[in-house]
Amino acid sequence: MNEPLETNNAGNMAGLAYLPVSLFGSVMGLCGLALAWRLAAIEFGLPRWVGEVLGYAAAVVFAALVLAYAIKFLKSPNAVRTEFAHPVAANFFATPIISLLLLPAVVAPYALALAKVLWVAGTMAMLGFAWLIVSRWMSVRQQIAHATPAWIVPVVGTLNISIAGVPLNLPGSHAVCVFALAVGLFFAVPLFTLILSRVIFEEPMPQPLQPSLMILVAPFAVGFSAYLNVAGQLDLFAELLFYLAVFMLAVLLPKLVRLRSCSPFHTSWWAVSFPLAAMTLAALKFSIEQPSWLAQAFALAMLAFTTLVILSLGFRTSMGMAQGELRALTL
């Protein structure tokens, strides 16, 4: 699908032509995990430095990916155009935008002004991209086979606007967060139904796309955190969102564990990182709002599991890129 990059610096430079935009999902996962560790440090006395290191890592990875993808755009513009025109891959262009929405929550304690600028830029880009994708869906006939969990990312991703937007408390930000929450929750219902229908009645998705099923947890986990931020309290609707997230996690986690033993590593595995991190953050918030030994045990177990998964993904991806395996890991 992508054209190889012709350059005298063969190897890693050539491999950038195969850099998928979906790899920005790694930044989303690192940001979510950093926020979870910060919250766990406050509530459970866990080491605070872990969350700060993860936050720095998220910022560094984001900067590196922006630079790498900019080089891909300059050297292989056809590859970028092909990726953006693809009915599935195009949805992952929301991942750098969502990263831009989550980074303000990470950098706010150190650079509040920068956090506000990043959030405003990310919010405008997120709402604009969501509009573009919905317009495309309504203008061009779509195929049910293309209705994968990736479709959730560009529109339901508006829920992430409230994650950092509410704490920043900018003028008018509350109305924007409510608007984004409404769009994200409304579109989550038909998209979830459509994707579930495709999974049940159509042929199984290709193995490299199977990890993206974990994205089905995100609308409820992120929706819970976003709603809790906007509403300011844990009510019945927030509880419903949390329990739906727990149920979907229970359904999908065994599939993910089985897939690990029968499918080789692929960069698409990063699709599991943010849903798991979002679920961990939601579990920690729930255990604070409704403290019990079961809620706290679940939250800490999720924190440990998600940390292990993301560190494993980071190690395997770094090794693959260092050995020039990017093309093999993305095709």
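Higher on the page you've got the structure.
Just so you know, the residues in each chain are numbered from 1, in the order the chain's sequence is written. Residues qualify for local features only when their pLDDT is at least 70, as the model is predicted, and side-chain atom pairs are given and counted only at 80 or more; totals for whole chains, interfaces and linings, by contrast, use all residues. To get the side-chain values, take all heavy atoms of the structure and skip hydrogens and water.

## Some words on the overall build of the protein chain
Strands here are runs of E lasting at least two residues and helices are runs of H or I lasting at least four, both read from the DSSP assignment and numbered beginning at the N terminus. Along the protein chain, the regular secondary structure elements total 14 helices and zero strands. Reading the helices (α) and strands (β) of the protein chain from amino to carboxyl end gives α-α-α-α-α-α-α-α-α-α-α-α-α-α. With the radius of gyration taken over C-alpha atoms, the globule rule is written as 2.2 Å times the number of residues to the power 0.38. In terms of C-alpha radius of gyration, the protein chain reaches 19 Å, essentially the compact-globule figure of 20 Å for 331 residues. Here the C-alpha coordinates of the protein chain stretch approximately 55 × 45 × 45 Å along the principal axes. Type-normalised accessible area, obtained with a 1.4 Å probe on protein chains alone, sets the label of each residue: buried when under 20%, exposed when over 50%, and partly exposed for intermediate values. Buried residues in the protein chain amount to 54% of all 331 residues. Here a residue-residue contact requires only that any non-hydrogen atoms of the pair lie within 4.5 Å. For the protein chain, the share of sequence-separated contacts (at least 6 apart) that also reach a separation of at least 24 residues comes to 78%. We score Asp and Glu as negative and Lys and Arg as positive, and we do not count His or the chain ends. A charged residue contributes its charge at one atom only: NZ of Lys, CZ of Arg, CG of Asp or CD of Glu. Counting 15 positive and 11 negative side-chain charges, the protein chain places the centres of these two groups 6 Å from one another.

## Regarding the packing of helix α10 (residues 218-231) against helix α12 (residues 273-289)
To get an axis, a line is fitted to the C-alpha atoms, and for a helix only the part in contact is used. The angle between two axes follows their N-to-C directions and goes from 0 to 180 degrees. Remark: α10 packs on α12, axes separated minimally by 8 Å, with the N-to-C direction vectors making an angle of 45 degrees. Considering the angle they form, α10 stands oblique to α12. α10 and α12 meet at a crossing whose hand is left-handed. Here Ala 218, Ala 221, Val 222, Phe 224, Ser 225, Leu 228 and Asn 229 of α10 lie close against α12, whose contacting residues are Phe 274, Pro 275, Ala 278, Met 279, Leu 281, Ala 282, Lys 285, Phe 286 and Glu 289. In this count, Pro and Cys sit with the nonpolar residues alongside Ala, Val, Leu, Ile, Met, Phe, Trp and Tyr, while Asp, Glu, Lys and Arg are called charged and the others, Gly among them, polar. Taken together, the residues of the contact of α10 with α12 break down into 12 nonpolar, two polar and two charged. To sort the angles, those under 35 degrees are grouped as roughly parallel, those over 145 as roughly antiparallel, those from 65 to 115 as roughly perpendicular, and the leftovers as oblique. A crossing counts as left-handed when the near helix is turned anticlockwise from the far one by less than a right angle, and as right-handed when that turn is clockwise.

## Observations regarding unusual backbone geometry
The phi angle at Asn 169 is positive, at roughly 55 degrees, despite the residue not being glycine. Relative to the elements of secondary structure, Asn 169 occurs in the loop between α8 (161-168) and α9 (173-201). Given a relative accessible area of 62%, Asn 169 falls into the exposed group.

## Examining the nonpolar core
Core analysis: the biggest nonpolar cluster contains 110 residues, and Trp 119, Met 214, Leu 216, Val 217, Phe 224 and Met 279 have the highest contact counts within it. Setting aside residues no more than four positions away along its own chain, Met 214 makes contact with Leu 249, Leu 252, Leu 253, Leu 256, Val 272, Pro 275 and Leu 276. Joining through side-chain atoms within 4.5 Å is the link that ties buried Ala, Val, Leu, Ile, Met, Phe, Trp, Tyr and Cys residues into a set, and such a set is a nonpolar core.

## Comments concerning the environment of Ala 64
Mapped onto the secondary structure, Ala 64 falls in helix α3 (residues 48-75). Taking relative accessible area as the criterion, Ala 64 reaches 44% and is therefore assigned partly exposed. A sequence separation of 15 residues divides Ala 64 from Trp 49, and the C-alpha atoms of the two residues are 22 Å apart.

## Topic: α8
With six of its eight residues buried, α8 lies for the most part within the structure. Those residues of α8 that sit buried are Ile 161, Ser 162, Ile 163, Ala 164, Gly 165 and Leu 168. At its buried positions, α8 is contacted by α2 (25-44), α5 (94-107), α6 (112-139), α9 and α10.

## A look at the side chain of Lys 285
Along the chain, Lys 285 falls in helix α12. With sequence-adjacent residues up to four places away left out, Lys 285 is seen in contact with Leu 39, Phe 224, Ser 225, Leu 228 and Asn 229.

## Regarding helix α4 (residues 77-85)
Within α4, the full set of buried residues consists of Ala 79, Val 80 and Glu 83. Within α4, the buried residues cover an arc of 100 degrees as seen down the axis, which keeps them to one side. With respect to the buried face of α4, the exposed residues turned more than 90 degrees away are Arg 81 and Ala 85. Buried residues in α4 make contact with α3. Note: the arc covers the axis-to-C-beta directions of the helix.

## Here's the deal with the side chain of Thr 148
Take Thr 148: it is sitting in the loop between α6 and α7 (152-156). The class for Thr 148 is buried, based on a relative accessible area of 4%. Setting aside chain neighbours within four positions, we find Thr 148 in contact with Val 88, Ile 195, Arg 198 and Met 205.

## A closer look at the environment of Phe 44
Along the polypeptide, Phe 44 turns up in helix α2. We classify Phe 44 as partly exposed; its relative accessible area is 25%. With 198 residues separating them in the primary sequence, Phe 44 and Phe 242 have C-alpha atoms 21 Å apart. Dropping the residues within four chain positions of it, Phe 44 is found in contact with Leu 284, Ser 287, Gln 296 and Leu 300.

## Here we look at the pattern of salt bridges
We define a salt bridge as a side-chain nitrogen of Lys or Arg found within 4 Å of a carboxyl oxygen belonging to Asp or Glu. Overall, the coordinates contain three salt bridges when judged by the stated rule. With a closest N to O distance of 3.8 Å, Arg 48 and Glu 52 form a salt bridge. Note that Arg 48 and Glu 52 are positioned in helix α3 at a spacing of four residues, about one turn of the helix. A residue is classified by how much of its surface remains accessible, and Arg 48, at 43% relative accessible area, is partly exposed. Residue class for Glu 52 comes out buried when judged on its relative accessible area of 10%. The partner of Glu 83 in a salt bridge is Lys 72, with the nearest N and O atoms 3.0 Å apart. Residue Glu 83 is located in helix α4, and its partner Lys 72 is located in helix α3; the two are separated by 11 residues in the primary sequence. Given the relative accessible area of 7%, Glu 83 is considered buried. Residue Lys 72 is classed as buried on the basis of its relative accessible area of 1%. Residues joined in a network through salt bridges with shared partners are Arg 38, Arg 48 and Glu 52.

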